[in-house]
Amino acid sequence: MKKKDFQQIKWCPAVEDDFRTILDQAVREDVESVGDLTSQATVPEDTPGFASIISRSAGVFAGEPTVKLICSAVSSDLKSVMEVKDGEKISAGQRIGSISGPARAILQAERLVLNFLARLSGVATMTNLYVEAVSGTGASVYDTRKTLPGWRLLDKYAVQCGGGKNHRSGLYEAILIKDNHLALAAGQAGLKHFDYNPAEAVQKVREFLRERDEKGSSVSLRPDCTPRTCRTRAAILAAVAGATGSPVVGEMISQTPCYMIARAREKGAEVPREPATNFPAQGVIIEVEVDTLKQYELALSANPDIILLDNMTPEMLRTAVEMRNAHNSEIELEASGGITLANISEVAKTGVERISVGALTHSVTYFDLGLDWE
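Residues numbered from 1 in each chain as written. Predicted model: local features only at pLDDT ≥ 70, side-chain atom pairs only at ≥ 80, totals over all residues. Heavy atoms only, no water.

A.B. asks: Tell me about unusual backbone geometry, and please be specific about residues and values.
C.D. replies: Although it is not a glycine, Glu 32 sits at a positive phi angle of roughly 45°. Note that Glu 32 resides in the loop between α1 (13–31) and α2 (37–42). Using a relative accessible area of 54% as the deciding quantity, one classes Glu 32 as exposed. Residues other than glycine seldom take positive phi values, yet Asn 311 does so here, at roughly 55°. Checked against the element boundaries, Asn 311 lands in the loop between β9 (306–310) and α12 (314–327). (Helix = DSSP H or I, 4+ residues; strand = E, 2+ residues; numbered from the N terminus. Buried < 20%, exposed > 50% of the residue type's maximum accessible area, 1.4 Å probe, protein only.)

A.B. asks: Please give an account of the nonpolar core that cites residues and values.
C.D. replies: Counting 94 residues, the largest nonpolar core has Ile 53, Ile 307, Leu 309 and Ile 355 as the members making the most contacts within it. For this core, the element with the highest residue contribution is helix α4 (residues 103–133), accounting for 13 residues. Leave out the neighbours within four places in its chain, and Ile 307 touches Val 288, Val 290, Tyr 296, Ala 299, Leu 300, Ile 331, Glu 332, Leu 333 and Glu 334. (Core = buried A, V, L, I, M, F, W, Y, C linked by side-chain atoms within 4.5 Å. Contact = heavy atoms within 4.5 Å.)

A.B. asks: So, the packing of helix α11 (residues 293–301) against α12: which residues are in play, and what are the values?
C.D. replies: For the pair α11 and α12, interaxial distance at closest approach is 11 Å and the crossing angle is 20°. Between α11 and α12, the interaxial angle falls into the category roughly parallel. Pair α11 / α12 crosses with right-handed handedness. Contacts between α11 and α12 involve Leu 293, Tyr 296, Glu 297, Leu 300 and Ser 301 from the former and Met 316, Thr 319, Ala 320, Val 321, Met 323, Arg 324 and His 327 from the latter. Residue classes in the contact of α11 with α12 are distributed as 7 nonpolar, 3 polar and 2 charged. (Axes fitted to C-alpha atoms, helices over the stretch in contact; angles between N-to-C directions. Parallel < 35°, antiparallel > 145°, perpendicular 65-115°, else oblique. Left-handed = near helix turned anticlockwise from the far one by under 90°. Nonpolar A, V, L, I, M, F, W, Y, C, P; charged D, E, K, R; others polar.)

A.B. asks: How would you explain the pairing of strand β1 (residues 48–55) if you had to name every residue and give the values?
C.D. replies: The element β1 is largely enclosed, with a buried count of 6 among its 8 residues. As judged from the 7 bridges shared by β1 and strand β5 (residues 95–102), these two strands associate in the antiparallel manner. For Phe 50, the partnering residue across the bridge sits in β5 and is Ser 100. Taken together, the 5 bridges between β1 and strand β12 (residues 369–373) define a ladder with antiparallel strand orientation. The residue bridging Ser 52 from the neighbouring strand is Asp 372, located in β12. (Pairing = 2+ DSSP bridges.)

A.B. asks: I'd like to hear about the packing of aromatic side chains, residue by residue, with values.
C.D. replies: Geometry of an aromatic ring pair is reported as the spacing of the ring centres plus the angle between the planes. If you walk through the whole model with that rule in mind, you get 4 aromatic pairs. Aromatic side chains Phe 19 and Phe 116 sit 4.8 Å apart centroid to centroid with 70° between the ring planes, which places their arrangement in the edge-to-face category. Residue Phe 19 is located in helix α1, and its partner Phe 116 is located in helix α4; the two are separated by 97 residues in the primary sequence. Take Phe 19: its relative accessible area is 0%, and that puts it in the buried class. Given a relative accessible area of 5%, Phe 116 falls into the buried group. (Phe/Tyr/Trp six-rings, centres within 6.5 Å; stacked < 30°, edge-to-face > 60°.)

A.B. asks: Go over the pairing of β9, please, and point to the residues and values.
C.D. replies: With respect to burial, β9 is a largely interior element, 5 of its 5 residues being buried. Burial of the side chains of β9 extends over both faces: Ile 306, Leu 308 and Asp 310 are buried on one face and Ile 307 and Leu 309 on the other. Two elements, strand β8 (residues 286–290) and β9, share 4 bridges in a ladder whose sense is parallel. Pairing of Val 290 across the sheet is with Leu 309, part of β9. Crossover handedness for the path β8 to α11 to β9: right-handed. Sheet topology note: the β9/strand β10 (residues 332–336) ladder contains 5 bridges and is parallel. Looking at the pairing, Ile 307 lines up with Leu 333 of β10. (Right-handed = clockwise from strand over helix to strand, strands pointing away.)

So yeah, pure geometry; function would need other evidence.
Spelled out as structure tokens, the structure:
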């Protein structure tokens, strides 16, 4: 159990909202206002159909909620039955579900279903390979923000299906002082990058967060917004503000539409972020990235929540773990950079708690699926 962690994305209204937005565009780019010309020309309008979704390879399935939504978007007469749950392992040749209804509508939905399931299952399958590679080491595999624009929550949901963990969902969620932040600060101070003390950056962050909480703010709702203009992030932040009373989060959403805020506050409604322990602002996770053991030693002295060890060798990682254990075992260490299936096991055995892998979402191999008539 991690001492502090980022929000872990489950399927919920906000994830579904992102999916519906992408689905609207996907339907439009396929048929525009014209429709499926080939099916109109070759398939009689009243032809019924029944087709099975078949896995062509082995892996981990993800995307079960999307199939019903796709069918509804194409035709109210389409019905889907899924035989596999998200996160379950599937084998080559396995039937994972079926679609029935007008044959023309099935043909229109075919590529939509396969495309969405192929990406989500591809992310889940890739993630599971990395998770299995570190099994028994105590290290967890995390994703990054290297996601397809617009797909952030969906990709992170698929990582969850594969057994991985989610790093921060956006810049709003946590503090991560990265290489470029330190390089810019060093330049402003007239120093070389590696001469800048990351502990100073951590201290500045703590002062900033303290001032934000002391300043305070209230949430103001815009009365003129419509459901069409409301976005997922408002729901995420509003849930935190409502549950914790955090002034900093209240200020962040002061100009957001109220529809999603109201939706997030409905009794029993789920949102990507549950009321978290890392709010108000002074409780936000603070992570700092370092490139050298010299920087790392300085960062340790500031006692951040997490230190990201960028592109360090296994020997350096083991040294970092020993230094951390001697200084403050509450600090967690994250290895990142150059992580592959070939070396992740060795990295995990160094004793770091977290390993972030961009490849989970930026180098996805689409899962092989097909739709067969029966």
